[in-house]
Amino acid sequence: MADFLQLLVSGLATGSIYALAGLGFTLLWQASGTLNFAQGEFVMLPAFGILALSGLGLPLPVAFAVTCAVAVVVLGWGFKRGIADPLLRSGHMPVVVATLGLSIALRNAVRAGYSAEAHPFPSVFGDDLFHIAGVVVTRIDLGTLAAALVLVLGTQAFLARTVTGRAMQAVAQDPDSAVVVGIDVPRMILYAFAVNAVLACAAALLVTPTYLAKFDMGESLGTKAFFAAVIGGFNNARGTLLGGIVVGVCENLAAAYVSASYKDAVALALFLFVLLVRPQGLLGKPVERRV
Amino acid sequence: MNAKLPAAAVVACLLAASTAHAQIKIAVIQELSGTGATAGTNFKNGVDLAVKEINAAGGILGQKLDATFEDTQSNPGVAKGLALKAVDDGAFAVFGPTFSGSMLVSMAQTRRAEVPNFTGADAATLTQQGNPYIFRTSFTQLISMPRVAHYLASALKARRVAVIFVNNDFGKGGRDAFVKAAVAAGLTVTADVSTEAGQLDFSAPVLKARQSDPDALFVYTNEEESARCLRELRKQAFARPIVGETTLAGQRVIELAGAAANGVLAHVGLTVDAPIPAVHEFRARFEKAYKYVPDHNGIKGYTSVFFLKAGIEAAGKLDRVAVARALHGLKIRAAKQPGVLMDVAIDDHGDLDRASFIVQVKDGKQEVKEVLPPVARF
């Protein structure tokens, strides 16, 4: 039982990171119909930003804050204006292809500019050990899980309970009606891109101590985050949290009780199963589209 | 007739110039990106340093070395293509790749062209195929694993050992050699856990190893995976001895794993912390040139160029076949060829023998616990 709990705790921590990155997918999709397949690289870039600023002697919180500010401009505003806005006029496919290309370009740019090697990354929580009910947990696992939960639920609360959040949801549901009731639609969409950039920075801060900072660290993370978002429900933030946790825990259990070789296949199998049985995701709502 | 004179003069001048600047082309094919980037980059920098030093000292038989560096991207297919390109470009010798899987597919190209091929790959099968142009820069797993198993059984008094290995040619070869040696040394393998190259989460493999209640754990994975595995072992409070072979106590693993690397034991064929003055001096020169402490792959790369130098000098001419023949059975004494750092003997298969070490990581540094002498007599 203790072993099962050990795997569960570890899977929850990993799954919460998938959820955090996956939340970016749902935010951008809801706000502007953008499918960002460079989401993993949007986590990788801030990781190197924080690392570079820490290398200059800045304390970790300051390096994180500066990276967030830069990310809002570059990964938020820059991405929206440079890629999403011009390509969305031609439909979803050009954005999908462009972000796939962007992910390759970003990986190779970091590889060429920084190095292809993995780099150690400081942990914001430290790595003290605790024994709880026969399970060894680290401060980093607990901290990651707690921070990810706070961020995902906080984002959900922001969207549901604030005027700005509701305006963003209104834009996501029907941009034309949102204009009629006086909502500044472009601004709301920009907010969604900015929030996504900050969430990516938070994911970078939480996941990189374990994954290590490496140019290709976003590759698997981006894929798992996408699976998590679809499994949980692409139009529901809490669904993404559930999807991330389901993927993280199932992966861990499969690696321990079946084989490590099948670990990566678990997320894909769940993804396919959900698409076949419940296409709107575990907590998502079906959306009808006129064609 | 007069019109032909200037042309003849130009040709003569060109010939003279080419003789004066004749160079020995060497192709360095390494894992500069992908999962083998740490090993490949160290090896490449080691070769680069050796080339600069040899050229500064006048070259080999009066000719300078001209090195080109290529990235296999840790991909066997790319490695094979690069080996073919090196051969077509007329390389005198090829250095790499370091990944055993890449080496297995690329060495056919260098063999076909009769080009000496130096490698840091560990898989035992590489030198068992009768290829006369393959030369190792480190121990084969068949030499190193019995030393690890003997250390576990005799010094650590272990009876039960769990194994975590990476599921690639390097890992499987090491796992097979270790399990065979462990059984021969009277050890029982309690868990045999396979992991994937590039694996990020080691909670399940570590848990499986822990559940088997071993006296010690043997870990045989690549650099980044080793660091992640050590972090997970610390996370799960694994309190038994953790033992590895070379990679596990490598400098890069120590940097990536942080405090989790402390206490790790490993048999290493090469270490920059060896109690040998020549190795200390090499470490200082490398650190000055590349701003970081090299690992064993840096030493492999550096010494391999001096193996080639010793081979060419023993052959007395720049003839690839003659150099390969001269290298087989060659004993290179560090007193005469300081670049090899330690006395080394190359056998008829291209495998080598020299002293090795048992090290332990303490406060983020390797400490040599024991020096194991070479079998060969110098």
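Residues numbered from 1 in each chain as written. Chains lettered and ligands numbered in written order. Predicted model: local features only at pLDDT ≥ 70, side-chain atom pairs only at ≥ 80, totals over all residues.

1. A word on the overall build of chain B
Assigned secondary structure in chain B consists of 12 helices and 15 strands. Taking 378 residues into account, the globule formula puts the C-alpha radius of gyration at 21 Å, and chain B, at 22 Å, falls close to it. With the C-alpha coordinates of chain B rotated into their principal frame, the extents come out at 90 × 40 × 40 Å. With 378 residues in all, chain B has 56% of them scored as buried. Long-range pairs, those at least 24 residues apart, make up 67% of the contacts in chain B with a sequence separation of at least 6. (Helix = DSSP H or I, 4+ residues; strand = E, 2+ residues; numbered from the N terminus. Rg over C-alpha atoms; globule rule 2.2 N^0.38 Å. Buried ≥ 20, exposed ≤ 12 C-beta atoms within 10 Å, placed from the backbone. Contact = placed C-beta atoms within 7 Å.)

2. Details of the overall build of chain A
Secondary structure assignment for chain A yields 11 helices and 2 strands. Listing every helix and strand of chain A by position from the N terminus yields α-α-α-α-β-β-α-α-α-α-α-α-α. At 19 Å, chain A has a C-alpha radius of gyration in line with the 19 Å of a compact globule built from 291 residues. Oriented by its inertia axes, the alpha-carbon framework of chain A measures out at about 60 × 50 × 35 Å. Residue burial in chain A is summarised as follows: out of 291 residues, 50% are buried. Contacts in chain A between residues at least 24 apart in sequence constitute 74% of all its contacts with a sequence separation of at least 6.

3. A word on the interface of chain B and chain A
Taken together, the 27 residues of chain B in the interface contact 21 residues of chain A. Those elements giving two or more residues to the side of chain B that touches chain A turn out to be α2 (37-56), β7 (188-195), α7 (203-211), α8 (223-235) and α9 (251-257) of chain B. In terms of residue count, the dominant contributor to the side of chain B that touches chain A is α7 of chain B (6 residues). In terms of residue class, the side of chain B that touches chain A is built from 9 nonpolar, 12 polar and 6 charged. (Nonpolar A, V, L, I, M, F, W, Y, C, P; charged D, E, K, R; others polar.)

4. Quick word on the sheet that holds strand β3 (residues 93-95) of chain B
All names here are of chain B. The parallel open sheet is built from 5 strands, whose spatial order is β2-β1-β3-β4-β5. Unpaired on one side and paired on the other, β2 (64-71) and β5 (134-136) mark the two borders of the sheet. Put simply, the sheet's adjacent strands are angled 25° from each other on average, direction ignored. Examined bridge by bridge, β3 and strand β4 (residues 117-119) share 2 bridges and lie parallel to one another. Looking at the pairing, Phe95 lines up with Phe118 of β4. (Pairing = 2+ DSSP bridges. Axes fitted to C-alpha atoms, helices over the stretch in contact; angles between N-to-C directions.)

5. Thoughts on the sheet that holds strand β8 (residues 216-220) of chain B
All names here are of chain B. On the basis of which strands lie adjacent, the open sheet formed by 7 strands has the order β7-β6-β8-β9-β10-β14-β15 and mixed pairing. Only two strands of the sheet have a single partner each, and these edge strands are β7 and β15 (365-372). Along the sheet, successive strands turn relative to each other by an average axial angle of 25°, direction set aside. Against the sheet, helix α6 (residues 169-184) touches β6 (160-166), β7, β8 and β9 (242-245), its axis set at about 165° to β6.

6. Side note on the pairing of β15 of chain B
Residue and element names in this part refer to chain B. Examined bridge by bridge, strand β14 (residues 356-362) and β15 share 7 bridges and lie antiparallel to one another. From the neighbouring strand, Ile358 faces β15, where its bridge partner is Glu370. In this structure, the hairpin formed by β14 and β15 is closed by a connection of 2 residues, where Asp363 is found at a positive phi of approximately 50°.

7. Quick look at the packing of helix α2 (residues 39-55) of chain A against helix α8 (residues 185-211) of chain A
All names here are of chain A. Look at α2 against α8: their axes get within 8 Å of each other, and the N-to-C directions meet at 70°. Classed by the angle they form, the pair α2 and α8 counts as roughly perpendicular. The handedness of the crossing between α2 and α8 comes out as right-handed. On the side of α2, the interface is formed by Phe42, Val43, Pro46, Ala47 and Ile50, while α8 contributes Ala200, Cys201, Ala203, Ala204, Leu205, Val207 and Thr208. Within the contact of α2 with α8, the residues separate by chemical class into 11 nonpolar, 1 polar and no charged. (Parallel < 35°, antiparallel > 145°, perpendicular 65-115°, else oblique. Left-handed = near helix turned anticlockwise from the far one by under 90°.)

8. Digging into the nonpolar core
Counting residues in hydrophobic clusters, the biggest one holds 205 residues, and the most contacted among them are Leu20 and Ala203 of chain A. When residues in this core are grouped by element, the largest group, 18 residues, is from α8 of chain A. Residue contributions to this core reach at least three from each of two domains, namely domain 1 (17-139 + 276-354) and domain 2 (142-268) of chain B. Other than its neighbours up to four places away in sequence, Ala203 of chain A contacts Ile17, Leu20, Ala21 and Val43 of chain A. (Core = buried A, V, L, I, M, F, W, Y, C linked by C-beta atoms within 7 Å. Domains from an automatic or database assignment.)

9. Section: the domain arrangement of chain B
Residue and element names in this part refer to chain B. Parsing chain B into structural domains produces domain 1 (17-139 + 276-354) and domain 2 (142-268). Between domain 1 and domain 2, the C-alpha centre-to-centre distance is 28 Å. Opposite the 18 residues of domain 1 that make contact, domain 2 presents 19 residues. Only α2 and α4 (100-112) provide two or more residues apiece to the side of domain 1 that touches domain 2. Per-element accounting of the side of domain 1 that touches domain 2 gives the leading share, 3 residues, to α4. When the residues that make up the side of domain 1 that touches domain 2 are grouped by side-chain class, the tally is 8 nonpolar, 7 polar and 3 charged.

10. With respect to α8 of chain A
Think of an α-helix as 3.6 residues a turn; residues three or four steps apart then line up on the same face. All names here are of chain A. The end-to-end C-alpha distance of α8, which contains 27 residues, comes to 37 Å, matching closely the 39 Å that a straight helix rising 1.5 Å per residue would cover. Of all the bends in α8, the greatest reaches close to 30° and is centred on Leu205; the proline Pro209 follows between one and four positions later. Of all 27 residues in α8, 22 are buried, a share of seventy percent or more. One or two positions beyond α8, positive phi appears at Leu212, with a value near 75°. (Expected span 1.5 Å × (residues − 1). Bend = angle between axes of the 7 residues up to and from the residue.)

11. Let's talk about helix α3 (residues 60-88) of chain A
Residues and elements named next belong to chain A. Between its first and last C-alpha atoms α3 spans 37 Å; for 29 residues at 1.5 Å apiece the expected length is 42 Å, and the helix comes up short by more than 12%. At Phe79, α3 shows its maximal kink, close to 50°. Taken residue by residue, α3 has Ala63, Phe64, Thr67, Cys68, Ala71, Leu75, Gly76, Phe79, Lys80 and Ala84 as its buried positions. For α3, the elements touching its buried residues are α1 (2-32), α2, α4 (92-113) and α8.

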